[in-house]
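Next come the chains, spelled out residue by residue.
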Amino acid sequence: MSRDEGDWAVLRVSGELDLVTAPALRQGVHDVVAEGRHSIVLDLSGVLFCDSSGVGVLIATRRLMRSCQGRLRLILPAQGAVEGSHVNRVLAALGVRRLFDVFPDVDAALDEQARPLSA
């Protein structure tokens, strides 16, 4: 689920991000931060479904990273991609998509010169 890429910890999430699976993501993020890592990429490209519990974990992760002066980047596929596009639609519908730095893939997220996708 987690791997290190230079200064960044990359956590890959797939399947459903819901009431059952959200606690595992929350724990994974807390474990990474407890190790002293404050730059996290959440690769959500493999998430096919996200409910309010999943959104709650994403917002809590953002809050945690801000409190420790860390960085958070989300990977969501480009508009129109089938796999993972659900999360982008959910965040946009709730009006919270703009709160996150979103990138189309891990390579772009790890590139310090890359700019996030617009909301």
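Model, not experiment: these values are computed from the prediction. Counting of residues starts from 1 at the beginning of each chain's written sequence and follows it residue by residue. Owing to the predicted nature of the model, reporting of local features is limited to residues with pLDDT of at least 70; listing and counting of side-chain atom pairs is limited to 80 or more, with chain, interface and lining totals taken over all residues. To get the side-chain values, take all heavy atoms of the structure and skip hydrogens and water.

(A) Examining the packing of helix H1 (residues 22-34) against helix H2 (residues 52-67) more closely. Where H1 meets H2, the axes come as close as 9 Å, and the angle between the chain directions of the two elements is 15°. With respect to H2, the element H1 is oriented roughly parallel. In this structure, the crossing between H1 and H2 has a hand that is right-handed. Contacts between H1 and H2 involve Ala22, Leu25, Arg26, Val29, His30 and Val33 from the first element and Ser53, Gly54, Val57, Leu58, Ala60, Thr61, Leu64 and Met65 from the second. Axis geometry follows a simple rule: fit a line to the C-alpha atoms, using only the stretch in contact for helices, then measure angles between N-to-C directions, giving values from 0 to 180 degrees. Strands here mean DSSP runs of E at least two residues long; helices mean DSSP runs of H or I at least four residues long; both are numbered from the N terminus. For classification purposes, an angle smaller than 35 degrees is called roughly parallel, one larger than 145 roughly antiparallel, one from 65 to 115 roughly perpendicular, and anything else oblique. Note: crossing handedness is left-handed where the near helix turns anticlockwise from the far helix by less than a right angle, and right-handed where it turns clockwise. Contacts were defined at the residue level, with two residues in contact if any of their heavy atoms lie within 4.5 Å.

(B) Seen up close, the environment of Leu99. Looking at the element boundaries, Leu99 is found in the loop between helix H3 (85-93) and strand E5 (101-103). The spacing of Leu99 and Val87 is 12 residues in sequence and 14 Å in space, taken between C-alpha atoms.

(C) View of the pattern of salt bridges. What makes a salt bridge here is a side-chain nitrogen of Lys or Arg within 4 Å of a carboxyl oxygen of Asp or Glu, nothing more. Applying the stated rule across the entire model yields four salt bridges. Of the charged contacts, one joins Asp43 and Arg12 as a salt bridge, the two residues approaching to 3.5 Å between their closest N and O atoms. Remark: Arg12 occurs in strand E2 (residues 8-17) and Asp43 occurs in strand E3 (residues 39-50); sequence separation between them is 31 residues. On the basis of relative accessibility, which here comes to 7%, the residue Asp43 falls in the buried class. Note that Arg73 and Glu112 form a salt bridge whose closest N and O atoms lie 3.9 Å from each other. Placement of Arg73 in strand E4 (residues 71-75) and of Glu112 in the segment after helix H4 (106-110) is noted, with a sequence separation of 39 residues between them. Partly exposed residues are those whose accessible area sits between 20% and 50% of the maximum for their type, while under 20% is buried and over 50% is exposed, using a 1.4 Å probe and protein chains only. Taking the relative accessible area as the measure of exposure, Arg73 reaches 10% and is therefore buried. Its relative accessible area of 42% is what places Glu112 among the partly exposed residues. Salt bridges sharing common partners tie together Arg71, Arg73 and Glu112.

(D) Region of the structure containing H3. For H3, every residue scored as buried is listed here: Ser85, His86, Val87, Asn88, Val90 and Leu91. Residues of H3 that are buried in the fold lie against E3, H2 and E4. Taken from the residues just after H3, Gly95 is the one with a positive phi, measuring 75°.

(E) Looking closely at the sheet that holds E3. The mixed open sheet is built from five strands, whose spatial order is E1-E2-E3-E4-E5. In this open sheet, the two strands that pair with only one neighbour each are strand E1 (2-5) and E5. Within this sheet the neighbouring strands show an average axis-to-axis angle of 30°, counted without direction. Sheet topology note: the E3/E4 ladder contains five bridges and is parallel. Paired with Ile40 across the two strands is Leu72, which belongs to E4. Running at roughly 175° to E2, H1 makes contact with E1, E2 and E3 of the sheet. At least two bridges found by DSSP between two strands is the condition for calling them paired.

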